[in-house]
Structure formats: structure tokens, C-alpha cells
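# Overview (structure and organization)
Each chain, written out:
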Amino acid sequence: MPTPFAPRTFRSALGAFATGVTVIPTRGPKGELVGNTASSFNSVSLDPPLVLWSLSRTAYSFKSYLAADHFAVNVLREGQEEVSARFAKALGDKWNGMEYETWETGCPVLPGALAIFECRTAYTYQGGDHVIFVGEVVNFDHDPDGKPLVFWRGGYHRAGP
């Protein structure tokens, strides 16, 4: 028998799906660094190489992402819980003291990430209270031996053996 629909129980049910954790940075309209933690990252296509993620329309930096031509995806590794928490905050200088590099698009990337995808924004789609960003991957790098940071039922976990 289905559970009665309520936002809180629906969110709890969604939390049963374990996800990786990413930090998605871009540059704002005035060149400022922007970044958010997201667990909505997913692959879309190998040819062309496409990935997606979504962001709430109420996010403080929402307009910066809509205006940006590029973004990067930093897949976090085990032990990067602090990085995830830093970029999950709505305000504050998230980049203060943070080590980063810039590649071809000028978006900041985190050199300690498990995988990095530098993307050109290809499409945006309305998705209820979120917007879905689809990016064409123009550069990437990864550590084939590292383990991801996992988010499940409201907390961080380690991947299995």
C-alpha cells in the first residue's frame, strides 16, 4: 500500500537512494566565483558527452548559473565532507582559503576531487521547483582508484569495499 503523499515523507523516500556528492562551480556575471553542493548529478550520454544536474529556483546563486555559459562538476571523494558542507551553505565566502585551479572555461575546479568535468551549458529545462542543467563535457580528469563520498538518508557514508 502506498504511503500518503506529504512533502516530508516524499523527501525521506528520495533519501533512500544513495548518491554521490558533487560541488558545481561557475563564474557569475561579474566574474565572481560561485559554487554549490549537489547530489543531483548524473550522466546523460557518451556521444556527445553530456551530464546533468539540477538547482532549486530559490538558490541564492540561481541567476548566476542561468547566466553562465559553463560550469564544472567536481565529484567529491571520501573524506571531503567539509568541502561538501562548505558549498552547501547559501551565503558566505565559500572560496576563501579554498585551493582551486582553472582550466579552459575559467570555471574553478577542485584539484583533490575524485573526478572533474568541465562543461559548456548545452540546455536548461524547467523541472518543477528546480532547473535542470545539461552540460557538454569539454574536459575531464579522474582518479580511477579513489572512492566517492556518498550521501544517503541525510548523512555521509563510505562506499563498500
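Now for a look at the structure at hand. The model shown is predicted, which means the values in this text are computed figures rather than measured ones. (Residues numbered from 1 in each chain as written. Predicted model: local features only at pLDDT ≥ 70, side-chain atom pairs only at ≥ 80, totals over all residues. Heavy atoms only, no water.)

Turning to the nonpolar core, a few remarks are in order. Judged by nonpolar contacts, the single largest core of 19 residues is most densely connected at Ile24, Trp53, Leu55, Tyr65, Phe71, Phe117 and Phe133. Among the secondary structure elements, those contributing two or more residues to this core are β3 (33-38), β5 (50-56), α2 (62-67), β6 (70-75), β9 (115-127) and β10 (130-142). Judged by nonpolar contacts, the second largest core, of 14 residues, contains Ala72, Phe87, Val109 and Ile116. (Core = buried A, V, L, I, M, F, W, Y, C linked by side-chain atoms within 4.5 Å. Buried < 20%, exposed > 50% of the residue type's maximum accessible area, 1.4 Å probe, protein only. Helix = DSSP H or I, 4+ residues; strand = E, 2+ residues; numbered from the N terminus.)

The next point concerns the pattern of salt bridges. Per the stated rule, a full pass over the model turns up three salt bridges. In this structure, Asp143 and Arg77 form a salt bridge, with 3.1 Å as the shortest nitrogen-oxygen distance. Within this pair, whereas Asp143 is found in the loop between β10 and β11 (149-152), its partner Arg77 is found in the loop between β6 and α3 (81-88), the two being separated by 66 residues in sequence. Accessibility expressed as a relative area gives 26% for Asp143, which makes it partly exposed. Residue class for Arg77 comes out partly exposed when judged on its relative accessible area of 22%. (Salt bridge = Lys/Arg side-chain N within 4 Å of Asp/Glu carboxyl O.)

Right, let's get into the packing of aromatic side chains. Centre distance and the angle of the planes are the two values used to describe a pair of aromatic rings. Applying the stated criterion across every chain, the model contains eleven aromatic pairs. Both rings, one in Phe87 and one in Trp95, keep their centres 4.8 Å apart while their planes meet at 70 degrees; by these two values the pair is edge-to-face. Residue Phe87 is classed as buried on the basis of its relative accessible area, which comes to 0%. Relative accessible area serves as the criterion here: at 9%, Trp95 is assigned to the buried category. Plain terms: the ring middles of Tyr123 and Tyr125 are 6.1 Å apart, the flat faces sit at 25 degrees to each other, and that makes the pair stacked. A network of ring pairs unites the aromatic residues Trp53, Tyr65, Phe71 and Phe133 as a single cluster. (Phe/Tyr/Trp six-rings, centres within 6.5 Å; stacked < 30°, edge-to-face > 60°.)

This paragraph deals with the side chain of Lys94. Positionally, Lys94 belongs in the loop between α3 and β7 (101-102). Buried and unpaired, Lys94 has no salt bridge, with Asp93 as the nearest side chain of opposite charge at 9.5 Å. Reaching out from Lys94, the side chain makes a polar contact with the backbone oxygen of Gly35 at a distance of 2.8 Å. Ignoring anything within four residues of it in the chain, the contact list for Lys94 reads Gly35, Asn36, Arg86, Phe87 and Lys89. (Lys, Arg positive; Asp, Glu negative; His and termini not counted. Polar contact = N/O pair within 3.5 Å; in protein donor to acceptor, adjacent residues only side chain to side chain. Contact = heavy atoms within 4.5 Å.)

If you walk across this open sheet you meet the three strands as β1-β11-β12, and the pairing is antiparallel. At either end of the open sheet lies a strand with only one pairing partner, and these are β1 (19-20) and β12 (155-158). As paired elements, β11 and β12 share four bridges and run antiparallel to each other. Paired with Trp152 across the bridge in β12 is Gly155. (Pairing = 2+ DSSP bridges.)

For Ser64, the position within the fold is in helix α2. Residue classification places Ser64 among the buried residues on the basis of a relative accessible area of 13%. Leave out the neighbours within four places in its chain, and Ser64 touches Gly28, Pro29, Glu32 and Val34.

On the surface, a cluster of nonpolar side chains totalling about 360 Å² of accessible area is made up of Phe5, Phe10 and Leu14. Structurally, Phe10 is set in helix α1 (residues 7-14). (Patch = residues over 30% accessible without salt bridge, like charges linked within 9 Å, V, L, I, M, F, W, Y side chains within 5 Å. Areas by Shrake-Rupley, 256 points an atom, 1.4 Å probe, with all protein chains shown as cover.)

Looking at chain direction, strand β4 (residues 42-45) and β5 are connected through three bridges and run antiparallel. For Asn42, the partnering residue across the bridge sits in β5 and is Leu52. Linking β4 to β5, which pair antiparallel, is a turn of four residues.

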